[in-house]
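These are the residues of each chain, in order.
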Amino acid sequence: AGFTKDCTDELNLKNPELIKSIHKSYADAGANIIITNTFGANRLKLSEYGLGDKTIGINQAAVKIAREAAPNCLIAGDIGPLGRYIEPLDELTFDKAYEIFSEQARGLKDADLLIIETISDIKMLKAAILAARDNSNKPIIASMTFEEGRTSTGTDVETYTVIADSLDVDAIGVNCSEGPEELLEVAEVITKNTNKPIVVQ
């Protein structure tokens, strides 16, 4: 009950109690940081469901729900990929991606930090980081996903780490990818190329 084949981010408005119960289970299990249910809550993705005009509201609701569910935890506003690549790989411009990420970052302004995760395009990562930095004063975690040591657009781990470090994020990480063994290998490369905290999920 409560699950949907439609937009899971909309559940922040349609079924907040379900989302709250999931967050609470993580807090009860000992989590220190709760990630908001906003992985796809950007205008580009929400517009596929006719929800583009609810972008800010969905993100604001997500932070409120997480905060109520886990008052003793830090709340990380989750910013996921746009499901597109930036030109020349696709028709999405850098400026448009920046604009989309900026809107979501404004919606997540009441979170304690922002996590930009599961990004596979280094241009997309840069647009997201700049948007988060320009529209929020909260700490930023950057996290990319890799297959056999490279993103799907060809960026290697060392290059990613150096770029993320130069953009002054607060922690640099890796998520998803090909499982624990590869995550460990990626984390080892990250640690050799930055003094920032490392995130692995």
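Coordinates for the structure precede this section.
Residues numbered from 1 in each chain as written. Predicted model: local features only at pLDDT ≥ 70, side-chain atom pairs only at ≥ 80, totals over all residues. Heavy atoms only, no water.

### Details of the packing of aromatic side chains
Then, number 1: The final tally for this structure, using the stated rule, is one aromatic pair.
Then, number 2: Ring centres of phenylalanine 146 and tyrosine 160 lie 5.7 Å apart, and the angle between their planes is 50 degrees; on these two criteria the pair is classed as tilted. Note that phenylalanine 146 is positioned in the loop between β4 (140-144) and α7 (157-166) and tyrosine 160 in helix α7, a separation of 14 residues in sequence.
Then, number 3: Since its relative accessible area comes to 1%, phenylalanine 146 is described here as buried.
Then, number 4: Overall, tyrosine 160 belongs to the buried group, its relative accessible area being 0%. (Phe/Tyr/Trp six-rings, centres within 6.5 Å; stacked < 30°, edge-to-face > 60°. Helix = DSSP H or I, 4+ residues; strand = E, 2+ residues; numbered from the N terminus. Buried < 20%, exposed > 50% of the residue type's maximum accessible area, 1.4 Å probe, protein only.)

### Re the pattern of salt bridges
Then, number 1: Counted under the stated rule, the structure contains 13 salt bridges.
Then, number 2: Among the ionic pairs, lysine 20 bridges to glutamate 68, the shortest N-O distance being 2.8 Å. Pair noted here: lysine 20 is in helix α2 (residues 16-28) and glutamate 68 is in helix α4 (residues 55-69), with a separation of 48 residues, a long-range link.
Then, number 3: We note a salt bridge from arginine 84 to aspartate 90, for which the minimum N-O separation is 2.8 Å.
Then, number 4: Under the relative-accessibility criterion, aspartate 90 is labelled partly exposed at 25%.
Then, number 5: Members of the salt-bridge network, linked through shared partners, are Glu17, Lys20, Lys64 and Glu68. (Salt bridge = Lys/Arg side-chain N within 4 Å of Asp/Glu carboxyl O.)

### A closer look at helix α5 (residues 94-107)
Then, number 1: In this model, α5 (14 residues) spans 20 Å end to end at C-alpha, consistent with the 20 Å of a helix rising 1.5 Å per residue.
Then, number 2: Within the span of α5, buried status applies to Ala97, Ile100, Phe101, Ser102, Glu103, Gln104, Ala105 and Gly107.
Then, number 3: Contacts from the buried residues of α5 go to α3 (43-46), α4, β2 (74-79), β3 (113-119) and α6 (122-135). (Expected span 1.5 Å × (residues − 1). Contact = heavy atoms within 4.5 Å.)

### Details of the side chain of serine 120
Then, number 1: Within the element layout of this structure, serine 120 appears in the loop between β3 and α6.
Then, number 2: Beyond its immediate sequence surroundings of up to four residues, serine 120 is in contact with Tyr85, Met144, Thr145, Thr151, Ser152 and Thr153.

### A closer look at the side chain of histidine 23
Then, number 1: Tracing the backbone through its elements, the reader meets histidine 23 in helix α2.
Then, number 2: A relative accessible area of 6% places histidine 23 in the buried class.
Then, number 3: For histidine 23, the residues in contact, after removing those within four places along its chain, are Ile34, Ile35, Thr36, Asn37, Ile65, Ala66 and Ala69.

### Concerning the packing of α7 against helix α8 (residues 180-193)
Then, number 1: The N-to-C vectors of α7 and α8 enclose an angle of 45 degrees; their axes lie 9 Å apart at closest approach. The pairing of α7 with α8 is recorded here as oblique in orientation. For α7 against α8, the interelement crossing comes out right-handed. Contacts between α7 and α8 involve Val157, Glu158, Tyr160, Thr161 and Asp165 from the first element and Val186, Val189, Ile190 and Asn193 from the second.
Then, number 2: In terms of residue class, the contact of α7 with α8 is built from five nonpolar, two polar and two charged. (Axes fitted to C-alpha atoms, helices over the stretch in contact; angles between N-to-C directions. Parallel < 35°, antiparallel > 145°, perpendicular 65-115°, else oblique. Left-handed = near helix turned anticlockwise from the far one by under 90°. Nonpolar A, V, L, I, M, F, W, Y, C, P; charged D, E, K, R; others polar.)

Purely geometric numbers; function is a separate question.
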